[in-house]
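Residues per chain, in single letters:
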Amino acid sequence: MFQINAKKLGFAFGLTGALIYIGCMIVMTTTGKEGSITFFNNLLHGLDTTTIIRMDVPLTEALFGFVQTFILGWLMGACIGAFYNLQIKNK
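Residues numbered from 1 in each chain as written. Predicted model: local features only at pLDDT ≥ 70, side-chain atom pairs only at ≥ 80, totals over all residues. Heavy atoms only, no water.

Visitor: Can you walk me through helix α1 (residues 6-43) in this structure?
Guide: Note on helix geometry: an α-helix contains 3.6 residues per turn, so any two residues three or four positions apart are oriented the same way. With 38 residues, α1 extends just 30 Å between its outermost C-alpha atoms, more than 12% less than the 56 Å of an ideal straight helix rising 1.5 Å per residue. A bend of about 125° at G32 is the largest found in α1. Along α1, the residues that are buried comprise A6, G10, G14, G17, A18, V27, S36, I37, F40 and N41. Looking at the buried residues of α1, the elements they touch are α2 (59-89). Capping the start of α1 is the job of one residue whose side-chain oxygen sits 3.1 Å from the backbone nitrogen of K7: N5. (Helix = DSSP H or I, 4+ residues; strand = E, 2+ residues; numbered from the N terminus. Expected span 1.5 Å × (residues − 1). Bend = angle between axes of the 7 residues up to and from the residue. Buried < 20%, exposed > 50% of the residue type's maximum accessible area, 1.4 Å probe, protein only. Contact = heavy atoms within 4.5 Å. Polar contact = N/O pair within 3.5 Å; in protein donor to acceptor, adjacent residues only side chain to side chain.)

Next up, the structure:
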């Protein structure tokens, strides 16, 4: 068994989440409202996103969302790494 560097795993999760966030921004910018609805409905197995998609997101709100997504991803990755390390130490 090997130990996981929780900080690096957290950073990788954070960057992955941030990259997905940017991908969503690109989809919404390039496809418009109807294209975004179609894309996210398909991605979410037919869940109707018509009422929750908002195209007029201010830049500051998008920036905060990007940062929050990174932070939450980092915390999830760091927790997974720490819990994994604790579990292998207890064996």
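Visitor: Where do I start with unusual backbone geometry in this structure?
Guide: The bulk of non-glycine residues show a negative phi, and the bulk of peptide bonds are trans. With a phi close to 55°, H45 is a non-glycine residue in the positive phi region. By secondary structure assignment, the location of H45 is in the loop between α1 and α2.

Visitor: Help me understand α2, please; the structure alone is not making it clear to me.
Guide: When the terminal C-alpha atoms of α2 are compared, their 45 Å separation across 31 residues agrees well with the 45 Å that a helix rising 1.5 Å per residue should span. When α2 is considered as a whole, its buried residues turn out to be A62, G65, G73, G77, A78, G81, N85 and I88.

Visitor: For this particular structure, what's the right way to read the pattern of salt bridges?
Guide: Close approach of charged atoms lets side chains of opposite charge pair. Following the criterion strictly, the structure yields one salt bridge and no others. Measuring nitrogen to oxygen at the nearest pair gives 2.3 Å for the salt bridge that ties E61 to R54. (Salt bridge = Lys/Arg side-chain N within 4 Å of Asp/Glu carboxyl O.)

Visitor: Help me out: how do you make sense of the packing of aromatic side chains in this one?
Guide: The way to describe two aromatic rings as a pair is by their centre distance and the angle between their planes. One pass over the structure, following the stated rule, counts four aromatic pairs. Judged by centre distance (6.3 Å) and plane angle (45°), the ring pair of F2 and Y84 falls under tilted. With a gap of 82 residues between them, F2 in the segment before α1 and Y84 in helix α2 connect regions that are remote in the sequence. Judged by relative accessible area, F2 falls into the exposed class, the value being 58%. Under the relative-accessibility criterion, Y84 is labelled partly exposed at 23%. Measuring from centroid to centroid gives 5.8 Å for F11 and F70, while their planes differ by 80°, and the two rings are edge-to-face. Of this pair, F11 sits in helix α1 while F70 sits in helix α2, placing them 59 residues apart in sequence. What makes F11 partly exposed here is its relative accessible area of 44%. (Phe/Tyr/Trp six-rings, centres within 6.5 Å; stacked < 30°, edge-to-face > 60°.)

Fair warning: the whole summary comes from geometry, so function is off the table for now.
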